[in-house]
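Chain and residue survey
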2 protein chains.
Amino acid sequence: MSKKNILRYIILGLLDKKELTGYDITKIFEQEIGEFWKAKHSQIYPELKKLEEDQFISYKMETVGSKLEKKCYTIREEGKRELEEWISEPTRELLANKDEFILKLYFIREEKDERINKMFEEQILMHEEKLEHLRLRKQIVFKTNQEKELNYGHYLILDHAINREEGYLLWLKEQQNNLQKS
Amino acid sequence: MSKKNILRYIILGLLDKKELTGYDITKIFEQEIGEFWKAKHSQIYPELKKLEEDQFISYKMETVGSKLEKKCYTIREEGKRELEEWISEPTRELLANKDEFILKLYFIREEKDERINKMFEEQILMHEEKLEHLRLRKQIVFKTNQEKELNYGHYLILDHAINREEGYLLWLKEQQNNLQKS
DNA sequence: CGAAACATGTAAGAAGTTACATGATTAC
DNA sequence: GTAATCATGTAACTTCTTACATGTTTCG
C-alpha cells in the first residue's frame, strides 16, 4: 500500500514553500536535500510536466532579459492535499542505504589484508571533507536562532546529516585503530 | 571512470567465498548484506547468466531429491581478477542514502506541528526493532572470537549496521526531547 | 497432507543516469 | 569576449521492482 514516486511528493513539498522553476528545484537537490534524495534535471522536468497535467501544480511564464523564458511553478490546492496525505501517512519502509565501501570491506575476510588500511584512510578523508562542508553550511544558513525557528525542517535535516557523518567517521576511526593494535 | 554494475561485483565477491546457487545469493541479500545493498531474485538470475556468458563464473548442475535441479556457481580466475580490481580501486562516490522520513521532516517547517511527535514515535519504534534484530544476529553469528577472525568482513558490516542504527536512534530521541521542552 | 522453503526463470514497467541538444544571461 | 551560470527539454540506456509462471522438497 505504500506510496510510490516519492520524487512527486518532494517536488510538491518544495513548491509548497515557494514558487520555483525546474532549474531552482535541480539546485535544491544538489544542495539542501541531496544528502537524502538525488534527482537530475532530466528526471525533474518530465515530473513537473506530469504534475501540471495532473493539476497538482500550475505555472506562469516569466522572461529574463529579453528572450530567456522560464516556467515558475506554484502548488495548487489539489497538490497541497496530496502532499499532506504523504506527510501524514506513516513511513514504514526503511529504504536502501547503499554503501559500496562497506561491501568491499565485507569481501575482505582477513584482518591483515594489506589494502584495508589504505581503504580506511581514503574513506576517512572523504567523510571528513563532507562533514566539514556540512558544518560550514549549518554555520552559514543558521547564524541566528530565528533562522532555525523559521526553517525548522531544513535545520533538522542538516543536523541529521552532520550527525550521520560524525557517527560514520567515529566508526571508521575506531575500526582503523583496532586494526593497528592487532 | 568509476565502475558500474556493482551487483556483478557483489555476486563475484560472494562466489569468491564459496560456491552458491542463485537461491543462496538471494537469501544472502535478504539477510547479511541487505543493510547495504538490495537485490531481488529477478535481478540476480539474469546477472548470473551474464557473468557466466562473460566467463567470470561457471556452474555445475546438482540434483536435489530425484527431480529438482540447481545450478551451483563457482568463480573463475577471470572473475577473481575482476573482483580484485573492484576492491582495490578507490571508492570515490558516496551513494544516495534515501530517507523518506527525513524528507517529510524537511517539509514540516514549524516545530509545533502536531504530527511531528507521532512521526518521531513511529520511527523510534521501527529503528529500535531493527537494532534489536541486528544485535541478536551479532550475538548468534559471533559467539566466539574465532568466528570474528574467520569472517572479519561479516563482522565489520554487522558492527557498522548496529552503529548506524544506534546513531540514528540517539538522534531521533534527542530531537524528540528537544520538541517536548519547547 | 499441507505449508513453508527450495529452486529458477521471464515480462512489464518504474525509476534513475548519461548523453544529446540548444540557447540566453551574467560576471569577470 | 569568454566562461560560468541560468534555463529547458528529449533519447537511450541501465537499474530496480512487481508481477507472472512453474515445479520440487522438506518439515511438522
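Residues numbered from 1 in each chain as written. Chains lettered and ligands numbered in written order. Predicted model: local features only at pLDDT ≥ 70, side-chain atom pairs only at ≥ 80, totals over all residues. Heavy atoms only, no water.

Some points on the side chain of D99 of chain B
Heads up, the rule is: Here a strand is any run of E in DSSP of at least two residues, a helix any run of H or I of at least four, and the numbering for each starts at the N terminus. Here the term buried applies to any residue with accessible area under 20% of the maximum for its type, exposed to any over 50%, and partly exposed to those in between, with areas from a 1.4 Å probe on protein chains only. This count recognises Lys and Arg as positive and Asp and Glu as negative, with His and chain-terminal groups excluded. Each reported salt bridge corresponds to a side-chain nitrogen of Lys or Arg within 4 Å of a carboxyl oxygen of Asp or Glu. Pairs of N or O atoms within 3.5 Å make up the polar contacts considered here, provided that, within protein, one atom can donate a hydrogen while the other can accept it, and that residues adjacent in sequence are counted only when both atoms are side-chain atoms. Should any heavy atoms of two residues lie within 4.5 Å, those residues are considered in contact.
With respect to the helices and strands, D99 of chain B occurs in the loop between α4 (77-88) and α5 (100-107). In this structure D99 of chain B is buried but unpaired, with R164 of chain A as the nearest side chain of opposite charge at 5.6 Å. Within the structure, D99 of chain B has its side chain in polar contact with the side chain of Y168 of chain B (distance 2.7 Å). Ignoring sequence-local partners within four residues, the contact set of D99 of chain B consists of F36, W37 and H160 of chain A together with Y168 of chain B.

Thoughts on the interface of chain A and chain B
Here is the rule we go by: Summed over both partners, the accessible area (1.4 Å probe) lost when two parts come together is defined as the buried area.
At the junction of the two partners, chain A supplies 67 residues and chain B supplies 67 residues. Of the roughly 6,600 Å² buried where chain A meets chain B, counting both sides, 61% is carbon and sulfur surface. Between the two partners, chain A and chain B, sit two salt bridges. Between E84 of chain B and R115 of chain A there is a salt bridge, with the nearest N and O atoms lying 2.4 Å from each other.

Overview of the UniProt feature "domain: Transcription regulator PadR N-terminal" (unreviewed entry) in chain A
Counted only if it meets this: UniProt positions are given in the numbering used here, feature names are shortened, and annotations may be inferred rather than shown by experiment.
In the UniProt entry, the feature "domain: Transcription regulator PadR N-terminal" (unreviewed entry) is given for residues 11-85 of chain A. Along residues 11-85 of chain A one finds 51% helix and 21% strand; the C-alpha atoms at either end are 14 Å apart.

Things to note about the protein's contact with DNA strand C
Stated precisely, the cut-off is as follows: The rule for a residue being near a molecule or strand is that one of its heavy atoms must lie within 4 Å of it.
Close contacts around DNA strand C come from 26 residues, with S42 and S66 of chain A together with H41, K71 and K98 of chain B the closest. Of all DNA strand C atoms lying within 4 Å of any protein atom, the proportion belonging to sugar or phosphate reaches 66%. N5 of chain A is positioned such that a nitrogen or oxygen atom in its backbone is 3.1 Å from a phosphate oxygen of DNA strand C. Here K40 of chain A contributes a side-chain N or O atom positioned 3.1 Å from a phosphate oxygen of DNA strand C. Secondary-structure elements contributing two or more residues to the surface near DNA strand C are α3 (41-53) of chain A together with α2 (22-30), α3 (41-53) and β2 (68-75) of chain B.

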